[in-house]
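# A look at the structure
Each chain is listed here by its residues.
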Amino acid sequence: MSLQFIFGNSGAGKSYYLYQYIVKEAKAHPKERFLVLVPEQFTMQTQKDLVEMTAKESGQAQGGIMNIEVLSFNRLAHRVFEETGYGAKQVLDDEGKNLILRKIAGQYEGELRVLKGNLKKPGYISEVKSVVSEFTQYGIGFEELDAFMETLGEESYLYYKLQDIRKVYEGFEAYLADQYITKEELLDVLS
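None of the values given here were measured: they were computed from a predicted structure.

### Comments concerning the nonpolar core
Of all hydrophobic cores here, the largest spans 23 residues; its most connected members are Ile100, Leu115, Val168 and Phe172. When contributions to this core are tallied by element, the ones reaching two or more residues are helix H4 (94–107), helix H5 (124–137), helix H6 (142–152) and helix H7 (157–176). Take this core: its biggest share by element is seven residues, from H7. Each residue touching Leu115, except ones within four places of it in the same chain, is listed here: Tyr124, Asp164, Ile165 and Val168.

Put into structure tokens, the structure is as follows:
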């Protein structure tokens, strides 16, 4: 099948048309496997819709989608890693990141100027994790941080805060190097 684009307004039936087409093709070619990629939050609803369509198609009370698989992009990444043997690195969830950041911040506590006093406050490590996650998501590396810090000057409070965050971020990246990848890196590794 060649690449096709299906356009239409919201509620015009684009998804319904695609699901109908996939159910028809899956029924016509039972030995082939069909993958349906959807955003994470729509995987269960899409599976339900496809099962209901197969029931209508077959005229039975219950349907089945034995050769259709509904995946999110993250699940696709895990599938590819399993099948290629790349699964050597574990995917780190938010709680794991918090624990590692707490450990690293504790190691650097004597060198930190701004963060040192706040590390024991509830939820503070989680905020640092959010900043580190956003840096990863938006491709902000150490060079970009250094370049921005140069524009601030050393008399700025933000300069010292970023300096502390950079130190923790660098320790976090070094700790993860060969053992883990974060959820934010998952699709980059897949591509």
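On we go from here.
### Here we look at the layout of surface pockets
In this structure, the second largest pocket occupies an estimated 180 Å³ of space. If you trace the second largest pocket, you find it lined by Ser15, Tyr16, Tyr19, Phe42, Gln45, Thr46, Asp49, Glu52, Met53 and Lys56. When contributions to the lining of the second largest pocket are tallied by element, the ones reaching two or more residues are helix H1 (14–28) and helix H2 (43–58). Tallying contributions element by element places H2 first for the lining of the second largest pocket, with six residues.

### Some thoughts on the packing of H4 against H5
Where H4 meets H5, the axes come as close as 9 Å, and the angle between the chain directions of the two elements is 105°. Considering the angle they form, H4 stands roughly perpendicular to H5. Seen from H4, the contacting residues are Asp94, Lys97, Asn98, Leu101, Arg102 and Ala105; seen from H5, they are Ile125, Ser126, Val128, Lys129, Val132 and Ser133. In terms of residue class, the contact of H4 with H5 is made up of five nonpolar, three polar and four charged.

What counts and how
Residues numbered from 1 in each chain as written. Predicted model: local features only at pLDDT ≥ 70, side-chain atom pairs only at ≥ 80, totals over all residues. Heavy atoms only, no water. Core = buried A, V, L, I, M, F, W, Y, C linked by side-chain atoms within 4.5 Å. Buried < 20%, exposed > 50% of the residue type's maximum accessible area, 1.4 Å probe, protein only. Helix = DSSP H or I, 4+ residues; strand = E, 2+ residues; numbered from the N terminus. Contact = heavy atoms within 4.5 Å. 1 Å grid on protein atoms, 1.4 Å probe; cavity = no way out; pocket = protein on both sides within 12 Å on 5 of 7 lines; lining within 4 Å. Points joined across faces, edges and corners; volume = space filled by probe spheres on them. Axes fitted to C-alpha atoms, helices over the stretch in contact; angles between N-to-C directions. Parallel < 35°, antiparallel > 145°, perpendicular 65-115°, else oblique. Nonpolar A, V, L, I, M, F, W, Y, C, P; charged D, E, K, R; others polar.

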